[in-house]
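Okay, here's what each chain looks like letter by letter:
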Amino acid sequence: MKTPSRLFLLTGAGVSAESGVATFRGAGGLWEGHRIEEVASPEGFAANPALVQRFYNDRRRLLPTASPNPAHLAIARLQREFPGRVTLVTQNVDDLHERGGSPEVVHMHGELLKARCVFCKRVRDWSGDLDEETRCGDCGGQLRPHIVWFGEMPLALDAIFEALGACDLFAAIGTSGQVYPAAGFVEMASRHGARCLEFNLESTATSPHFDESRTGPASRTVPAWVEELLECQDAEA
Ligand code: OAD
């Protein structure tokens, strides 16, 4: 194995599952008890802002009870050991990569710990609850969770596409490959010649596009892979 020069890591809910943060799909998943469009669409927010704020308040309140697991820590270690060579893009809205020590994280689906004004669009840090009366301190507009809902454009796509075109190793960790555009990243990276590696408990909709799939809990498979990469780098030095 040759050490890759540029790595692109895409994480999904599976990387945080062992930290106690619910995934979206499957038994016990967040979407099981909700109609997605009710709590994750601009139309749902317009129809029932109280319900939507409550849904994200509940998620936000749970964050302090979760801690980064060995997969978050291993990813942060990789970023530190390969400075400037690892792009970490997460679909997760939790802060476990940051608390696991990752120096840079792109949250393409937003962040629970931020709120955005629906009027002036200013994004600010937010750790408490939001309700229909919570207003922007600048313009008085309504504040909403800084979360990308269905029908909205994911964040930082230009930088993401640039990094995808430049990587020679693409890894998807704990994502079901069912939500676009993230689900299409593996095909883009592969077209550009990157080797593509998947980490999941099971095979997914996008597994056929990967060169290799490693099955098992991310807390075990990801640290083992990072160890391999670091050993490989040492051997080349
Ligand atoms: P999903 O809930 O769709 O998928 C989680 C994936 O993680 C599944 O494929 C599981 O098999 C896998 N998994 C679970 N536990 C794991 C573990 N311990 N180790 C490894 N893999 C594990 O979550 P996402 O793919 O992240 O979007 O969902 C993508 C987007 O759909 C989310 O960002 C969210 C949702 O709608 C928005 O809210 C915009």
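Just above sits the structure.
None of these values were measured; they are calculated from a predicted model. (Residues numbered from 1 in each chain as written. Predicted model: local features only at pLDDT ≥ 70, side-chain atom pairs only at ≥ 80, totals over all residues. Heavy atoms only, no water.)

Visitor: Tell me about the layout of surface pockets, and please be specific about residues and values.
Guide: Counted as a void, the second largest pocket has a volume near 400 Å³. With 5 residues, helix H7 (residues 157-166) is the largest single contributor of residues to the lining of the second largest pocket. By residue class, the composition of the lining of the second largest pocket is 15 nonpolar, 3 polar and 4 charged. (1 Å grid on protein atoms, 1.4 Å probe; cavity = no way out; pocket = protein on both sides within 12 Å on 5 of 7 lines; lining within 4 Å. Points joined across faces, edges and corners; volume = space filled by probe spheres on them. Helix = DSSP H or I, 4+ residues; strand = E, 2+ residues; numbered from the N terminus. Nonpolar A, V, L, I, M, F, W, Y, C, P; charged D, E, K, R; others polar.)

Visitor: Please give an account of the packing of aromatic side chains that cites residues and values.
Guide: Here the distance between the centres and the angle between the planes together describe a pair of aromatic rings. Scanning the entire structure with this criterion turns up 8 aromatic pairs. Taking 6.2 Å as the distance between ring centres and 40° as the angle between the ring planes, the aromatic pair formed by Tyr56 and Trp149 counts as tilted. Pair noted here: Tyr56 is in helix H4 (residues 49-62) and Trp149 is in the loop between strand E6 (143-147) and H7, with a separation of 93 residues, a long-range link. Trp149 matches Tyr56 in its accessibility class, with the two residues each being buried. In this structure, Arg59 is placed above the aromatic ring of Phe55, and the distance from its NZ or CZ to the ring centre is 4.6 Å. Looking at Arg85, its charged tip hangs above the ring of Phe82, at a distance of 4.4 Å from the centre. (Phe/Tyr/Trp six-rings, centres within 6.5 Å; stacked < 30°, edge-to-face > 60°. Buried < 20%, exposed > 50% of the residue type's maximum accessible area, 1.4 Å probe, protein only. Lys NZ or Arg CZ within 6 Å of the ring centre and 35° of its normal.)

Visitor: Break down H4 for me, citing the residues and quoting the values.
Guide: Its 14 residues give H4 an end-to-end C-alpha distance of 20 Å, which sits within 8% of 20 Å, the value for a rise of 1.5 Å per residue. Those residues of H4 that sit buried are Val52, Gln53, Phe55, Tyr56, Asn57 and Arg60. Contact partners of the buried residues in H4: helix H2 (36-39), helix H3 (42-47), strand E4 (110-117) and E6. (Expected span 1.5 Å × (residues − 1). Contact = heavy atoms within 4.5 Å.)

Visitor: Which residues make up the packing of helix H5 (residues 70-81) against helix H9 (residues 218-236), and what values do they have?
Guide: Relative to each other, H5 and H9 sit at 20°, their axes nearing to 7 Å. On the basis of their axis angle, the class for H5 and H9 is roughly parallel. For the pair H5 and H9, the crossing hand works out as left-handed. Every residue of H9 that contacts H5 at Pro70, Ala71, Ala74, Ile75, Arg77, Leu78 and Glu81 is listed here: Ala218, Ser219, Val222, Pro223, Trp225, Val226, Glu227, Leu229, Leu230 and Gln233. Residues of the contact of H5 with H9, tallied by class, amount to 12 nonpolar, 2 polar and 3 charged. (Axes fitted to C-alpha atoms, helices over the stretch in contact; angles between N-to-C directions. Parallel < 35°, antiparallel > 145°, perpendicular 65-115°, else oblique. Left-handed = near helix turned anticlockwise from the far one by under 90°.)

Visitor: Report on the sheet that holds strand E2 (residues 86-90), specifying residues and quantitative values.
Guide: If you trace the 6 strands from one edge of the open sheet to the other, you get E3-E2-E1-E7-E8-E9, paired in parallel fashion. Every interior strand has two partners, whereas the edge strands, strand E3 (106-107) and strand E9 (212-215), have only one. With 5 bridges connecting them, strand E1 (residues 7-11) and strand E7 (residues 169-173) associate as parallel partners. Each residue of the ladder has a partner; that of Phe8, found in E7, is Phe170. (Pairing = 2+ DSSP bridges.)

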